Amino acid sequence: AATTFICEDAQMTYAELNSRSNCLARHLQVLGVGPEVLVGIYIDRSFDFVVALLATFKSGGAYLPLDPSYPKERLAFMLKDGGVSVLLTLTRFVPEIPVEGQKVFCLDADCKLLEQYADTNLATRFSLQQLAYVIYTSGSSGWPKGVAVEHRQVLNRLYWMWEEYPFGPDEVGCQKTAANFVDSIWEFFGPLLKGIPTVIIRDEVFRDANRLVEELARHQVTRLWVVPSLLRTLLDLRPDLQERLPLLRFWVSTGEILTPELFQHFRARMPSAVLYNLYRTSEVCDVT
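Note that the structure is a prediction, hence the values are computed from the model and not measured.

What counts, and at which threshold
- Residues numbered from 1 in each chain as written.
- Predicted model: local features only at pLDDT ≥ 70, side-chain atom pairs only at ≥ 80, totals over all residues.
- Heavy atoms only, no water.
- Salt bridge = Lys/Arg side-chain N within 4 Å of Asp/Glu carboxyl O.
- Helix = DSSP H or I, 4+ residues; strand = E, 2+ residues; numbered from the N terminus.
- Buried < 20%, exposed > 50% of the residue type's maximum accessible area, 1.4 Å probe, protein only.
- Arc of directions from axis to C-beta.
- Phe/Tyr/Trp six-rings, centres within 6.5 Å; stacked < 30°, edge-to-face > 60°.
- Lys NZ or Arg CZ within 6 Å of the ring centre and 35° of its normal.
- Pairing = 2+ DSSP bridges.
- Axes fitted to C-alpha atoms, helices over the stretch in contact; angles between N-to-C directions.
- Right-handed = clockwise from strand over helix to strand, strands pointing away.

Draft legend 1. Region of interest: the pattern of salt bridges. The full count for this structure, using the stated rule, is 14 salt bridges. A salt bridge links Arg 20 to Asp 48; the nearest nitrogen and oxygen atoms lie 2.8 Å apart. Of the two residues, Arg 20 sits in helix α1 (residues 14–30) while Asp 48 sits in helix α2 (residues 47–59), which places them 28 residues apart along the sequence. With its nearest N and O atoms 3.4 Å apart, the salt bridge here joins Glu 115 to Lys 112. Like Lys 112, Glu 115 is exposed. What you see here is one network of salt bridges that share partners, running through Glu 214, Arg 238, Asp 240 and Arg 244.

Okay, here's the thing in structure tokens:
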């Protein structure tokens, strides 16, 4: 009955996540997914995305996140360049996807197909060297490049974070980073594998700083990853940030340069919190 993900007013338990992902994983195997096979996931931040993500791993495959906000030309390039043969999505996204021969499964419209499968755990075997995901770079130096990451790299990063910054009792994580950015890996799996519930922030909430603060406060989030530009917006917009988010004491600045001035601004506004300046790139699965 333990809660694993929270989205708006809905909750998903570990049992529900495991059951749904087991059935979907069995169907993915029927569609030909196995080791080194890349599954495209074209779903916004939601329970469905998490189910698709875990099902891909359970089937033995690896995932390629496809952001619904990306231009069609970029999506088409990623699908072709990545050699994606199976695509997980939702009905409303189908008209937007530049499909070229991929097998498309909609988690909402096609869910009846999954009733034929047992929801017991799969006996899939993994090696640490097996592909876990491919994330495409911004392409600032030319064409976007797919960065392929193995399971051992992901596990090494997670283990280090758990050891260096262990979770305490009653913590609540936050998943707000788009899956095509590497910070999403920790947001998804850091709390999940330690039994910590995670709040999923929908796009429309994330784009409104005031709504974001209220959502964080409502669910008593204790850890948050932000880029410095968002951090500055929150500090400037909400002088009452400390009072609204008294339990949010673990902040991480990442993705951009954190200036000394912004750091001092944070210390003045959030005296009870700690701000870590952690940085990593898609190409190297480590943290500095």
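Draft legend 2. How the structure looks around helix α8 (residues 228–237). For α8, the full list of buried residues reads Pro 228, Leu 230, Leu 231, Leu 234 and Leu 235. One face of α8 carries all of its buried residues, which in axial projection span an arc of 160°.

Draft legend 3. Quick peek at the environment of Trp 143. Take Trp 143: it is sitting in the loop between β7 (131–136) and β8 (146–150). Assessed through its relative accessible area of 63%, Trp 143 is described here as exposed. For Trp 143 and Phe 77, which are 66 residues apart along the polypeptide, the C-alpha to C-alpha distance reads 9.3 Å.

Draft legend 4. Expanded view of the packing of aromatic side chains. Across all of its chains, the model carries 14 aromatic pairs by this definition. Their ring planes at 40° and their centres at 5.7 Å tell us that Tyr 63 and Tyr 133 sit as a pair that is tilted. In this pair, Tyr 63 sits in strand β4 (residues 62–65) while Tyr 133 sits in strand β7, placing the two residues 70 residues apart along the sequence. When sorted by exposure, Tyr 63 lands in the same class as Tyr 133, which is buried. The structure contains a cluster of three or more aromatic residues connected by ring pairs, namely Trp 160, Tyr 165, Phe 167, Trp 186, Trp 225, Phe 250 and Tyr 276. Above the plane of the ring of Tyr 70 lies Arg 74, whose end atom (NZ or CZ) is 4.6 Å from the centre. It is Lys 194 that lies over the ring of Trp 162; its NZ or CZ is 4.9 Å from the centre.

Draft legend 5. A look at the sheet that holds strand β10 (residues 198–200). Taken in spatial order, the 4 strands make up an open sheet running β2-β1-β10-β9, and their pairing is mixed. Edge positions in the open sheet fall to β2 (10–13) and β9 (173–175), since each of these has one partner strand only. Going from strand to strand, the sheet's axes swing by 25° on average, the running direction of each strand aside. Bridge count between strand β1 (residues 3–7) and β2: 4 bridges; the pairing is antiparallel.

Draft legend 6. Just the sheet that holds strand β11 (residues 223–226), in detail. Strand order in the open sheet formed by 3 strands is β11-β12-β13, with parallel pairing between adjacent strands. In the strand order of this sheet, the two ends are held by β11 and β13 (274–277), each with one partner. On average, adjacent strands in this sheet sit at an angle of 20° to one another, irrespective of strand direction.

Draft legend 7. Just the pairing of strand β3 (residues 38–42), in detail. With respect to burial, β3 is a largely interior element, 5 of its 5 residues being buried. Residues Leu 38, Gly 40 and Tyr 42 point to one face of β3 and Val 39 and Ile 41 to the other, with burial holding for every one of them. Sheet topology note: the β3/β4 ladder contains 4 bridges and is parallel. Paired with Leu 38 across the strands is Ala 62, a residue of β4. On the question of chirality, the crossover connecting β3 to the parallel β4 by way of α2 is right-handed. Both β3 and strand β5 (residues 86–89) contribute to a ladder of 4 bridges, which runs parallel. Bridge pairing in β5 links Ile 41 to Leu 88.

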